[in-house]
Amino acid sequence: MAFNRDFNSDPFIVIWELTRACQLKCLHCRAEAQYKRDPRELSFEEGKTLIDQIYEMNNPMLVFTGGDPLMRPDVFDIAEYAVKKGVRVSMTPSATPNVTKEAIEKAKNVGLSRWAFSLDGPTAEIHDHFRGTAGSFDLTMERIKYLHELEIPIQINTVISRYNIDYLDEMAELVEKLDCVLWSVFFLVPTGRGQESDMISPVEHEKVFQWLYDLSKRVSFDIKTTAAQHYRRVVIQNKMREAKNQKDEIQYLDALTQQGLTGSIDGLGRAPKGVNDGNGFVFISHVGDVYPSGLLPVKAGNVREQTIGEIYRESPIFQDLRNPDKYKGKCGVCEFRHVCGGSRSRAYAMTGDYMESEPFCVYIPKALRKKEKTTN
């Protein structure tokens, strides 16, 4: 199903922020979560209509996020409706006392395909500082044991920042030890509570990408990156070196794309090509506002006024984001633009223009290197 998906008409993944309510106070929180639920949240009935519309978009993957989705009493009713419809649903709840054994059992009975927890450090000291809540690390570790007992696949989400960059080896060891199926590595974008000062440098991004690639060859779990589209370039460059075929980069890229190999670079090996903000990816807020992603706060419409399909396919914002030839600066001339494209949300956060060049990429495209040679 995924390999014939055209991102111009159907997304690969839909994220629905069920609520902004959450008991944690994470330093980087995109949603700037609050303790109480917003009365304007999409209702259960509106949620069912939304799920019907999502299903009609070639049935993409659906992820419930927040805030903390478990702050909604009807979360399992919504999940059950989606699963019965045939939608693949996973959830990213916060590690709070809401995650009871009973809640996890309910998730399994309803048919949730995966459970994702956040771990932002290999120790309580690092993780709890980042999550703004003492005891969060210990609670997460305890709940992971529940998931194993119930045989529910576990995904670990980690935000890479200056607080944990020195502990990545230990983090990888922990993910392996916890027997997770996927390590989803997020690279901080300064939006919501996330600050520019929390980010790692462009050179550090490159070093972490190379480290992730080396790691991916020796661990049992899959690795997926978010807001790190340029990781795909690093993977391709490594594969090219390994293939000892550096004569024609574009030819090699075309061959990779035709074989569907670029998809396995950033995800579960199922995306037909690189997913980016608005390009294979769509985010719906708790009040129904639609964004290219949760990290790119440019509103394209609301599901109370239009269908999610109409907004995703017809919004000029989404259409521009799906055209890498329109990107500005070095991203617009980069030979990797169709498989990478840079983080559109980071470009927006740093420049105010989501079509601008990825500001945390150190790579100089071939076209610019040629230009330099001719001017010298």
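- The name an unreviewed UniProt entry assigns to the protein chain is Radical SAM protein, from the organism Cytobacillus eiseniae.
- The UniProt entry for the protein chain carries the following text under Cofactor (unreviewed entry): "[4Fe-4S] cluster".

## Examining a negative patch on the surface
Then, in step 1: Negative charge collects at one region of the surface, where D166, D169, E170, E173 and E204 lie side by side.
Then, in step 2: Per-element accounting of the negative patch gives the leading share, three residues, to helix α6 (residues 168–177).
Then, in step 3: With respect to the element layout, D166 can be found in the loop between β5 (154–160) and α6.

## Quick notes on the sheet that holds strand β3 (residues 89–91)
Then, in step 1: Spatial strand order, β7-β6-β5-β4-β3-β2-β1-β8-β9-β10: 10 strands in an open sheet with mixed pairing. The strands lining the two open edges of the sheet, one partner per strand, are β7 (222–226) and β10 (301–302).
Then, in step 2: Judged from the two bridges that link them, strand β8 (residues 281–284) and strand β9 (residues 289–291) form a sheet pairing that is antiparallel. Bridge assignment links F283 to a residue of β9, and that residue is Y291.
Then, in step 3: The strands that helix α1 (residues 44–55) touches are β1 (13–17), β2 (61–65) and β8; relative to β1, the one it contacts most, it runs at about 170°.

## Description of the pattern of salt bridges
Then, in step 1: For the coordinates displayed, the defined rule picks out 21 salt bridges.
Then, in step 2: The salt bridge partner of E80 is K84, with a shortest N-O separation of 3.4 Å. Taken together, the residues E80 and K84, both in helix α2 (residues 75–85) and four residues apart, mark about one turn of the helix.
Then, in step 3: According to the relative accessible area criterion, E80 is partly exposed, its value standing at 32%.
Then, in step 4: For K326, the salt bridge identified is with D320, shortest N-O distance 2.8 Å.
Then, in step 5: Connected through salt bridges with shared partners, the residues R37, E41, R72 and D74 form a single ionic network.

## Describing unusual backbone geometry
Then, in step 1: Residue G67 is reached from G66 by a cis peptide bond, and omega for that bond is 25°.
Then, in step 2: Mapped onto the elements of the fold, G67 is located in the loop between β2 and α2.
Then, in step 3: At N59, a position not held by glycine, the phi torsion is positive, near 45°.
Then, in step 4: Its location among the elements puts N59 in the loop between α1 and β2.
Then, in step 5: In this structure N59 comes out as buried when scored by relative accessible area, which is 12%.
Then, in step 6: Phi at A227 is positive, roughly 55°, even though this residue is not glycine.

## Here's the deal with the packing of aromatic side chains
Then, in step 1: In total, this model carries 11 aromatic pairs according to the counting rule given.
Then, in step 2: Ring geometry for W115 against F117: centres 6.1 Å apart, planes inclined by 55°, an arrangement best described as tilted. A single burial state applies to W115 and to F117, both of which are buried.
Then, in step 3: Every member of this aromatic cluster is reached through a ring pair, and the members are W183, W211 and F221.
Then, in step 4: Over the face of the ring belonging to Y327 we find R344, whose NZ or CZ atom lies 4.1 Å from the ring centre.

## Points about helix α13 (residues 344–351)
Then, in step 1: Residues R344, S345, R346 and A347 constitute the buried set of α13.
Then, in step 2: After α13 finishes, the residue G352 shows a positive phi value of roughly 85°.

## Here's the deal with the nonpolar core
Then, in step 1: Core analysis: the biggest nonpolar cluster contains 91 residues, and W16, L62, W115, W183, L212 and I284 have the highest contact counts within it.
Then, in step 2: Counting residues per element, this core draws most heavily on helix α7 (residues 202–216), at six residues.
Then, in step 3: Core analysis: the second largest hydrophobic core is formed by eight residues, I236, M240, F336 and C340 among them.

## A look at the packing of α2 against helix α3 (residues 101–110)
Then, in step 1: Packing of α2 against α3 brings their axes to within 9 Å, and their N-to-C directions diverge by 20°. As the angle between them shows, α2 and α3 are arranged roughly parallel. Both α2 and α3 take part in a crossing whose hand is right-handed. Here F76, A79, E80 and V83 of α2 come into contact with α3, specifically with A103, K106, A107 and V110.

Criteria and thresholds
Residues numbered from 1 in each chain as written. Predicted model: local features only at pLDDT ≥ 70, side-chain atom pairs only at ≥ 80, totals over all residues. Heavy atoms only, no water. UniProt positions renumbered as here; feature names shortened; annotations may be inferred. Patch = residues over 30% accessible without salt bridge, like charges linked within 9 Å, V, L, I, M, F, W, Y side chains within 5 Å. Areas by Shrake-Rupley, 256 points an atom, 1.4 Å probe, with all protein chains shown as cover. Salt bridge = Lys/Arg side-chain N within 4 Å of Asp/Glu carboxyl O. Lys, Arg positive; Asp, Glu negative; His and termini not counted. Charge placed at Lys NZ, Arg CZ, Asp CG, Glu CD. Helix = DSSP H or I, 4+ residues; strand = E, 2+ residues; numbered from the N terminus. Pairing = 2+ DSSP bridges. Contact = heavy atoms within 4.5 Å. Axes fitted to C-alpha atoms, helices over the stretch in contact; angles between N-to-C directions. Buried < 20%, exposed > 50% of the residue type's maximum accessible area, 1.4 Å probe, protein only. Phe/Tyr/Trp six-rings, centres within 6.5 Å; stacked < 30°, edge-to-face > 60°. Lys NZ or Arg CZ within 6 Å of the ring centre and 35° of its normal. Core = buried A, V, L, I, M, F, W, Y, C linked by side-chain atoms within 4.5 Å. Parallel < 35°, antiparallel > 145°, perpendicular 65-115°, else oblique. Left-handed = near helix turned anticlockwise from the far one by under 90°.

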